[in-house]
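The lines below spell out each chain.
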Amino acid sequence: MADVPSEAPQHCPGTESESAGKASACAGCPNQSLCASGATKETDPAITLVRERLSTVKHKILVLSGKGGVGKSTITTMVSRSLAANNPDKNIAILDIDMCGPSQPRVLGVLGEKVHESGSGWSPVYIEDNLSLMSIGFMLESSSAAVIWRGPKKNAMISKFLSEVDWGNLDYLILDTPPGTSDEHLSTVRYMRQAGITGAIIVTTPQEVALLDVRKEIDFCRQSNIPILGVVENMSLFVCPKCKSTAEIFPATSGGGSKLAEEFNLEFLGTVPLDPLLARYCDEGKDFISEMPNSVTVKSLQDIVKKITIKCESDETVNSLKEAKKK
Ligand code: ADP
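Because the structure is a prediction, the values reported are computed rather than measured.

How each quantity is defined
Residues numbered from 1 in each chain as written. Predicted model: local features only at pLDDT ≥ 70, side-chain atom pairs only at ≥ 80, totals over all residues. Heavy atoms only, no water. Axes fitted to C-alpha atoms, helices over the stretch in contact; angles between N-to-C directions. Helix = DSSP H or I, 4+ residues; strand = E, 2+ residues; numbered from the N terminus. Contact = heavy atoms within 4.5 Å. Phe/Tyr/Trp six-rings, centres within 6.5 Å; stacked < 30°, edge-to-face > 60°. Buried < 20%, exposed > 50% of the residue type's maximum accessible area, 1.4 Å probe, protein only. Lys NZ or Arg CZ within 6 Å of the ring centre and 35° of its normal. Near = heavy atom within 4 Å. Polar contact = N/O pair within 3.5 Å; in protein donor to acceptor, adjacent residues only side chain to side chain. Nonpolar A, V, L, I, M, F, W, Y, C, P; charged D, E, K, R; others polar. Expected span 1.5 Å × (residues − 1). Arc of directions from axis to C-beta. Salt bridge = Lys/Arg side-chain N within 4 Å of Asp/Glu carboxyl O.

Undergrad: What is the right way to look at the packing of helix α2 (residues 45-53) against helix α5 (residues 151-164) in this model?
TA: When two helices pack together, their arrangement is given by the angle between their axes and by how far apart the axes lie. Following both chains from N to C, one finds α2 and α5 inclined at 35°, their axes separated by 7 Å at the closest point. In this structure, α2 contributes A46, L49, V50 and R53 to the contact, and α5 contributes S159, L162, S163 and E164.

This is the structure:
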């Protein structure tokens, strides 16, 4: 089977896709005629393995951001913790494939844990009875070691992560991805195509420089047939912990996340304030959600989680997921 060539276009639909060789992104790709002939549609065994492994996972969500440092990992952690705390009967897991900076082990307070292997696969690390984590960070020698792998090695690791972790039955699997649209995103989407991605949450800060890159994430999702659950605007307002007055540290000169969501006809899931206490709790690996239940930040996060839950269960999302799996 022909693999995606290293010089594949940025929005390569994947060699097994129905639109392989026919999408506008395929123009000029060296594989275009081979893909268009249908010769590449034989399914990669890894895609089948991923589908089988993730068949016990109800909702699979990607968390995306245009830039690093906008709080994508923080939102991933907070949404997951909040889902787990609100739904003790549901099982939640995080898969951290952010090879640029796998921060989930630190934020969830399990830095230094190692992955154990059993007959049924790699065991994730449990944070709570119903919240588990698998992270690229567990594979590194130390927390300061960089991942300097080339594309094929990264792809192999993503395929293993998606097909070999023994999650058990999960209601939500939330993937923390690297910033931007990189090889890791293309591989993840390709491997998960048959398993199905419920949708993506796009995280941004209010400034135009961040929003510019978010437009590329939206385009990536649309070209890859990934439903967008909505946009979260992080670090929107600063609430002074002492006097409670607010300040706009990152001004939304062009209307911020809500205007962007409106422009692209997406749901605006809400805002999370810039909260120094949240940053401190994350640095120390402590559970902000359960320790600060009355904070404005936790209330904002809970509203966002409620909307995500409703969106995941909505007929529109379920139907577009079925359509995406067919392509
Ligand atoms: P990304 O995953 O987008 O690179 P992170 O989630 O790692 O970003 O966040 C970058 C830094 O900003 C971290 O130190 C984190 O604690 C901090 N941070 C994120 N969101 C907030 C927030 N709402 N309030 C305060 N600090 C935040």
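Undergrad: Which parts of the structure should I look at to understand the packing of aromatic side chains?
TA: For any pair of aromatic rings, geometry is given as the distance between the ring centres together with the angle between the planes. Using the criterion set out here, one finds two aromatic pairs in the structure. Look at W122 and F161: their rings are 5.8 Å apart centre to centre, the planes differ by 90°, and that puts the pair in the edge-to-face class. Highlighted residues: W122 in strand β4 (residues 121-123) and F161 in helix α5, separated in sequence by 39 residues. Each member of the pair, W122 as well as F161, is classed as buried. Over the face of the ring belonging to Y281 we find K286, whose NZ or CZ atom lies 4.8 Å from the ring centre.

Undergrad: Sorry if this is basic, but what is going on with the site of the ligand here?
TA: Not every one of the 15 residues close to the ligand is listed here, only the nearest: G69, S73, T74, P273 and D275. The contact in question runs from a nitrogen atom of the ligand to an N or O atom on the backbone of P273, over 2.9 Å. Every element with two or more residues in the shell around the ligand is listed here: α3 (72-86), β9 (228-239), β11 (268-274) and α9 (276-284). Considering only residue class, the shell around the ligand consists of seven nonpolar, six polar and two charged.

Undergrad: Where do I start with helix α11 (residues 296-313) in this structure?
TA: Structurally, the α-helix is built with 3.6 residues per turn, so residues lying three or four positions apart point the same way. Compared with the 26 Å implied by 1.5 Å per residue over 18 residues, the 26 Å span of α11 between its first and last C-alpha is a close match. Where α11 is concerned, the buried positions are T297, V298, S300, L301, I304, V305, I308, K311 and C312. Taken end-on, α11 shows its buried residues confined to a sector of 155°, consistent with a single buried face. Among the exposed residues of α11, those pointing more than 90 degrees away from its buried face are V296, K306 and I310.

Undergrad: Is there a simple way to think about the environment of P178 in this case?
TA: Positionally, P178 belongs in the loop between β7 (170-176) and α6 (183-191). When the C-alpha positions of P178 and G255 are compared, they lie 25 Å apart, and in sequence the two are 77 residues distant.

Undergrad: Help me understand unusual backbone geometry, please; the structure alone is not making it clear to me.
TA: Residues other than glycine predominantly adopt negative phi, and peptide bonds predominantly adopt the trans conformation. Backbone geometry at N225 places phi at a positive 60°, although glycine is not the residue there. For N225, the position within the fold is in the loop between α7 (208-223) and β9. Non-glycine residue M235 carries a positive phi angle of around 55°. In this fold, M235 is placed in strand β9.

Undergrad: How do you make sense of the pattern of salt bridges when you look at a structure like this?
TA: Charged atoms that come close allow side chains of opposite charge to pair. In this structure the tally under the stated criterion is 13 salt bridges. The residue R81 makes a salt bridge to E128 at a minimum N-O spacing of 3.5 Å. You can see R81 sitting in helix α3 and its partner E128 sitting in strand β5 (residues 125-128), a full 47 residues away along the chain. According to the relative accessible area criterion, E128 is partly exposed, its value standing at 35%. Taken together, the salt bridges that share partners define one network made up of K67, D213 and K216.

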